Amino acid sequence: MQSQIEKRGVHNFEMRPKFVQIGADKIIGSSEWTDAEGRRQERYQVLTIRDGQIGDMQVCGSRREAKRFAKRTLG
């Protein structure tokens, strides 16, 4: 992230991460920020936890897609 800030400049960069646990082994992580042009950006990942560590990460295009993926793959 530091390299991206250096590359694009600081501007009014504000990262807003969120995490929601789904079941015993899934976490939906989302990041929201405003880019240098003022556009809101969002990213969603479904993390699968194995033995206390991230065992898998699936990138999703929307919050709805992330929720569906997490519920469909509950362990």
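Refer to the structure printed above.
In this text the structure is predicted, and so the values were computed from the model without any measurement.

Scoring rules and cut-offs
Residues numbered from 1 in each chain as written. Predicted model: local features only at pLDDT ≥ 70, side-chain atom pairs only at ≥ 80, totals over all residues. Heavy atoms only, no water. Helix = DSSP H or I, 4+ residues; strand = E, 2+ residues; numbered from the N terminus. Buried < 20%, exposed > 50% of the residue type's maximum accessible area, 1.4 Å probe, protein only. Contact = heavy atoms within 4.5 Å. Areas by Shrake-Rupley, 256 points an atom, 1.4 Å probe, with all protein chains shown as cover. Arc of directions from axis to C-beta. Core = buried A, V, L, I, M, F, W, Y, C linked by side-chain atoms within 4.5 Å.

Caption draft 1: Geometry of the overall build of the chain. Per the secondary structure count, the chain includes 2 helices and 4 strands. The N-to-C order of helical and strand elements in the chain reads α-β-β-β-β-α. Considering the chain as a whole, with its 75 residues, one finds that 27% of them fall into the buried category. Summarising the internal contacts of the chain: among those between residues at least 6 apart in sequence, 16% fall at separations of at least 24. In the form shown here, the chain has an accessible surface area of approximately 5700 Å², with 48% of it arising from carbon and sulfur atoms.

Caption draft 2: Quick look at the side chain of Q45. Within the element layout of this structure, Q45 appears in strand β3 (residues 40-50). When residues no more than four places from it in sequence are discounted, the contact partners of Q45 are I27, I28, G29, S30, M57, Q58 and V59.

Caption draft 3: Up close: helix α2 (residues 63-72). All buried positions along α2 are accounted for by A66, F69 and A70. Along the long axis of α2, the arc covered by the buried residues comes to 95°, so they all point the same way. Across α2 from its buried face, at more than 90 degrees, point the exposed residues R64, K71 and R72. Close packing links the buried residues of α2 with β1 (16-22), β2 (26-34), β3 and β4 (53-60).

Caption draft 4: Inspection of the nonpolar core at higher detail. Formed by I22, I28, Y44, V46, C60, A66, F69 and A70, the largest nonpolar core amounts to 8 residues. Counting residues per element, the ones that place at least two in this core are β3 and α2. Here this core gets 3 residues from one element, more than from any other, and that element is α2. Excluding residues that lie within four positions of it along the chain, A70 makes contacts with I22, K26, I28 and V46.

Everything listed is a geometric property; what it means functionally is a separate question.
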